[in-house]
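Coordinate analysis (summary)
As a plain string of letters, each chain reads:
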Amino acid sequence: MRFISPEAYAKTIVASVQDYSLLCGRAVGNIFSQPRYIADTFTQMDSIGVGSLPIVVLTGFFTGCVLALQAAVSLKEFGAVNMTGELVALSMIKELGPVLTGLMVSGRNASGMASELGSMKVSEQIDAMRALGTDPIRKLVTPRLVATVFMLFFLTIISDACGIAGGAFVSVTLLKLNAGTFFHTGYMSLVHGDIIEGLIKPLFSGFIIATVGCYYGLKTTGGTRGVGRSTTQAVVASSVIIILVDFLVTQLMIGIFGR
Amino acid sequence: MADTLVSSQISELIAASKPMLEFENVSIGFEGNQVLVGVTFAVAHGETRILLGPAGGGKSVLMKLANGLIEPDSGEIRVFGRSLKDMTQRELFEMRAHIGMVFQESALFDSLDVEDNVAYRLIEEHVDPVEVHARVVEVLQFVELEKAIDRFPSELSGGMRRRVSIARAIISRPDLILYDSPTGGLDPITSNTIIELVVKQRDVSHTTCLLITHRLQDAVTLATHRYNLQKHCMESIPNGGIAAETRFLVLNEGKVVFDGTTLELTHTEDPWLRRYIE
């Protein structure tokens, strides 16, 4: 195993951050100039959005189920089992819906982007694209960025709905709670700030998934082994950054809305 | 190809008999290893420049530098009269649309069929689909692969992929073609077919080109043969003639060791060069 000096390691990190920032800047800048690859964007929306629907629905539903079960156990001790709806709704909309959807889509799509772009990179298809006069960031990254941010927003809403439906299902069938009470307490507990918080987070997560996935794909070297390494790194990095940014956004929202 | 600023620059260059491609004291290295050192040469309009040299001598790097795919550490590269370092990213992409490039491993888009691969540049330029199809068929006939139009790259042999790559490079009628080892890894018969295509392109379209080859016999064929349009085949230039537009550049360990005509190369007194060509 080869060791590198701390100075060289620090330089590598700074260079990576610089490359990532440049990629993000160019990918966003391309949205506002011609040519735009609208057809590619719709293809990616189908692949990322519709393709991720099953895992998002299942994850959301069963998370809501587990949340209701666990909440009921604790709330029963305080005689507040009727508050299960409130706990499920708040947890799903403010936190679990956005974060779990982000992580699920990250696992499925950041890896897909890194491996697809990585394979293109090692087989010189990215160079061929540039040689043919096409900007790979405009053609490959920007459509994925727009599609992921747009679709993750709606996937999160679906996940929230499925989570609350899952919580309601468990509350009614297993905990023998009243469905009306479940939905009423859930609805009454929510304020505008909670909804805004839950809908802002997927915008950040979508940006992270697309840019991190594409960044690792485009910097792939070392053949098929390199593609595998990039894929793993993309999933790990995007998942960690999603949770980190979730913490920062939560802190910011608490500062703004006071809850 | 759509008329652009680059088109007018090329017309001016041709009128003034200035080089289409110029390298001036270009050096580049990777991770401490110097790959090219002070490389200087120029390629005139209509010239076929053959790039020879041992493997690992920096030939493919030179090709990528010529297309602006990588930047040199020092020196200046002028393509169509303009320095690459003065160009913005957008201008570089516009410039590349006037250059055809054939990659060593073909670099075809594996998720597109042959028609879409070949038509890629035209689709990007929003050319009418009927015209695109007609031009794809025309250019596939040129490389004798019209029957493979709906096949995917994974279904093609190495030689066929190389021919599709040539078709993709020439469909937009570029002003400069860069061939990066078009015969590398191919059997002698397929290599001859590819070289015949290069000769055909040179003699039919008179396009300026830069060609890397490891096979000396390919270079000799290019210098001593021409394409007969009546018989539709390649033939030797009569009376031992040599294609005047063909010149050689030999690289060794990143340095230019020869830059001249076929006759100058064959009569060289340089001991290393003599060993290499013999």
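About the thresholds
- Residues numbered from 1 in each chain as written.
- Chains lettered and ligands numbered in written order.
- Predicted model: local features only at pLDDT ≥ 70, side-chain atom pairs only at ≥ 80, totals over all residues.
- Helix = DSSP H or I, 4+ residues; strand = E, 2+ residues; numbered from the N terminus.
- Buried ≥ 20, exposed ≤ 12 C-beta atoms within 10 Å, placed from the backbone.
- Contact = placed C-beta atoms within 7 Å.
- Pairing = 2+ DSSP bridges.
- Core = buried A, V, L, I, M, F, W, Y, C linked by C-beta atoms within 7 Å.
- Axes fitted to C-alpha atoms, helices over the stretch in contact; angles between N-to-C directions.
- Left-handed = near helix turned anticlockwise from the far one by under 90°.
- Nonpolar A, V, L, I, M, F, W, Y, C, P; charged D, E, K, R; others polar.
- pLDDT = per-residue confidence, 0-100.
- Domains from an automatic or database assignment.
- Expected span 1.5 Å × (residues − 1).

**Let's talk about the overall build of chain A**
Counting secondary structure elements, chain A contains 8 helices and 0 strands. Secondary structure elements of chain A occur, N-terminal to C-terminal, as α-α-α-α-α-α-α-α. Expressed along its principal axes, the backbone C-alpha trace of chain A runs to roughly 65 × 45 × 35 Å. Counting every position in chain A, which comprises 259 residues, the buried fraction comes to 42%. Residue pairs at least 24 apart in sequence account for 89% of intrachain contacts in chain A once pairs closer than 6 positions are excluded.

**Topic: the overall build of chain B**
Of regular secondary structure, chain B possesses 10 helices and 12 strands. The buried share of chain B, reckoned over its 278 residues, is 42%. At a minimum sequence separation of 6, the contacts of chain B that also span at least 24 residues come to 66%.

**Comments concerning the sheet that holds strand 5 (residues 82-83) of chain B**
Residue and element names in this part refer to chain B. Here 4 strands make up an open sheet; going across it, the order is 2-1-4-5 and the pairing antiparallel. At either end of the open sheet lies a strand with only one pairing partner, and these are strand 2 (33-43) and strand 5. Relative to strand 5, strand 4 (residues 74-79) is paired through 2 bridges, and the arrangement is antiparallel. Directly across from valine 79, in strand 5, lies its bridge partner arginine 82.

**A short note on the nonpolar core**
Residues Leu51(B), Ala66(B), Val118(B), Ala167(B), Leu178(B) and Leu210(B) are the most contacted members of the largest nonpolar core, which totals 123 residues. For this core, the element with the highest residue contribution is helix 3 (residues 84-122) of chain A, accounting for 14 residues. Sequence-distant contacts of Leu210(B), defined by excluding residues within four places in its chain, comprise Leu21(B), Val43(B), Arg49(B), Leu51(B), Met63(B), Ala66(B) and Leu178(B).

**Concerning the packing of helix 5 (residues 136-173) of chain A against helix 7 (residues 192-218) of chain A**
Residues and elements named next belong to chain A. Running from amino to carboxyl end, helix 5 crosses helix 7 at an angle of 145°, the nearest separation of the two axes being 8 Å. Helix 7 is crossed by helix 5, and the crossing has right-handed handedness. The segment helix 5 lies against helix 7, with Leu140, Val141, Arg144, Leu145, Thr148, Val149, Leu152, Phe153, Thr156 and Asp160 engaging Gly198, Leu199, Pro202, Leu203, Ser205, Gly206, Phe207, Ile209, Ala210, Thr211 and Cys214. Tallied by class, the residues present in the contact of helix 5 with helix 7 amount to 13 nonpolar, 6 polar and 2 charged.

**Quick word on the confidence of the model for chain B**
Of the residues in chain B, 98% reach a pLDDT of 70 or more, and the chain-wide mean stands at 88. Averaged pLDDT values for the elements of chain B fall to 71 in helix 1 (residues 5-15) of chain B and rise to 94 in helix 4 (residues 114-124) of chain B.

**As for the domain arrangement of chain B**
Residues and elements named next belong to chain B. Assigned domains within chain B: domain 1 (2-98 + 174-277) and domain 2 (113-173). Here the C-alpha centroids of domain 1 and domain 2 sit 23 Å apart. On the domain 2 side, the residues contacting the 12 residues of domain 1 number 12 residues. Among the elements that make up the side of domain 1 that touches domain 2, the one with the highest residue count is helix 7 (residues 188-205) (5 residues). Residues that form the side of domain 1 that touches domain 2 fall into these classes: 8 nonpolar, 4 polar and no charged.

**Considerations on helix 8 (residues 223-257) of chain A**
All names here are of chain A. Counted at 1.5 Å a residue, the expected span for helix 8 with its 35 residues is 51 Å, and the 49 Å between its end C-alpha atoms agrees. Every buried residue of helix 8 is listed here: Val227, Ser230, Thr231, Ala234, Val235, Ser238, Ser239 and Ile242. If you follow the buried residues of helix 8, they end up packed against helix 3 and helix 7. In the segment just after helix 8, glycine 258 is the residue with positive phi, at about 75°.

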